[in-house]
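Here's the letter readout for the chains.
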Amino acid sequence: MAVDRRASWLKGVLDLLVLAGLTRGESYGYEIAKTLADAGLGQIKGGTLYPVLNRLEEAGLVSSEFRAADRGPGRRYYRLTAAGGATLTEQSGLWLAFDESVRKMLTQGADR
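Thresholds, definitions, all that
Residues numbered from 1 in each chain as written. Predicted model: local features only at pLDDT ≥ 70, side-chain atom pairs only at ≥ 80, totals over all residues. Heavy atoms only, no water. Axes fitted to C-alpha atoms, helices over the stretch in contact; angles between N-to-C directions. Helix = DSSP H or I, 4+ residues; strand = E, 2+ residues; numbered from the N terminus. Parallel < 35°, antiparallel > 145°, perpendicular 65-115°, else oblique. Left-handed = near helix turned anticlockwise from the far one by under 90°. Contact = heavy atoms within 4.5 Å. Salt bridge = Lys/Arg side-chain N within 4 Å of Asp/Glu carboxyl O. Buried < 20%, exposed > 50% of the residue type's maximum accessible area, 1.4 Å probe, protein only. Core = buried A, V, L, I, M, F, W, Y, C linked by side-chain atoms within 4.5 Å. Pairing = 2+ DSSP bridges.

Participant: Go over the packing of helix α1 (residues 6-21) against helix α4 (residues 82-110), please, and point to the residues and values.
Facilitator: Where α1 contacts α4, the two axes come as close as 10 Å, and the packing angle between them is 130°. What the angle tells us is that α1 and α4 run oblique. For α1 against α4, the interelement crossing comes out left-handed. On the side of α1, the interface is formed by Val13, Leu16, Leu19 and Ala20, while α4 contributes Gly84, Thr87, Leu88, Gln91, Ser92 and Trp95.

Participant: How would you sum up the pattern of salt bridges? Please name residues and give values.
Facilitator: What the rule picks out here adds up to seven salt bridges. Its salt-bridge partner being Arg55, residue Asp15 comes within 3.0 Å of it at the nearest N-O pair. With a gap of 40 residues between them, Asp15 in helix α1 and Arg55 in helix α3 (residues 46-58) connect regions that are remote in the sequence. Take Asp15: its relative accessible area is 25%, and that puts it in the partly exposed class. Assessed through its relative accessible area of 43%, Arg55 is described here as partly exposed. Glu65 is paired through a salt bridge with Arg79; the nearest N and O atoms lie 3.1 Å apart. Of this pair, Glu65 sits in strand β2 (residues 62-67) while Arg79 sits in strand β3 (residues 75-80), and the two are 14 residues apart along the sequence. Connected via shared salt-bridge partners are Glu26, Glu65, Arg67 and Arg79.

Participant: Quick rundown of the nonpolar core? Include the residues and the values.
Facilitator: Note on soluble globular proteins: their nonpolar side chains tend to be buried together. By size, the foremost hydrophobic cluster in this structure holds 19 residues, and its most contacted members are Leu14, Val18, Ile32, Leu49 and Leu56. Residue contributions to this core peak at six residues, all from α1. What Ile32 contacts, discounting residues up to four positions off in sequence, is Val18, Leu22, Ser27, Leu49, Leu53 and Tyr78.

Participant: Got a sec to walk through the pairing of β3? Specific residues and values, please.
Facilitator: Summarising the sheet, strand β1 (residues 27-28) and β3 pair through two bridges and their orientation is antiparallel. Paired with Ser27 across the strands is Tyr78, a residue of β3. As paired strands, β2 and β3 are joined by six bridges and run antiparallel to one another. In the strand pairing of β3, Phe66 is matched with Arg76.

Now the structure itself:
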């Protein structure tokens, strides 16, 4: 029986995907999770997403602001910082090079 490794793969790239999701402007947790799900990455639960957001904020790659709502609970909005944008550019290049190497190996393996 084949093992589904997508959760492990996602864990390795989720920080980068969150940064990429914030390039369109500020967003809050549920909206970020929905963007990731809409991209075909599956449902990202709060217990996974919020530690990533906290880690990115502690690293200075995103900033956040809590805003009270007229109705219902307030929301914490996240936005990409200049350092986050630079990290996204650098790490995206590294990821795409890694992806190319993986594709090459998998293609060679499939051709056997």
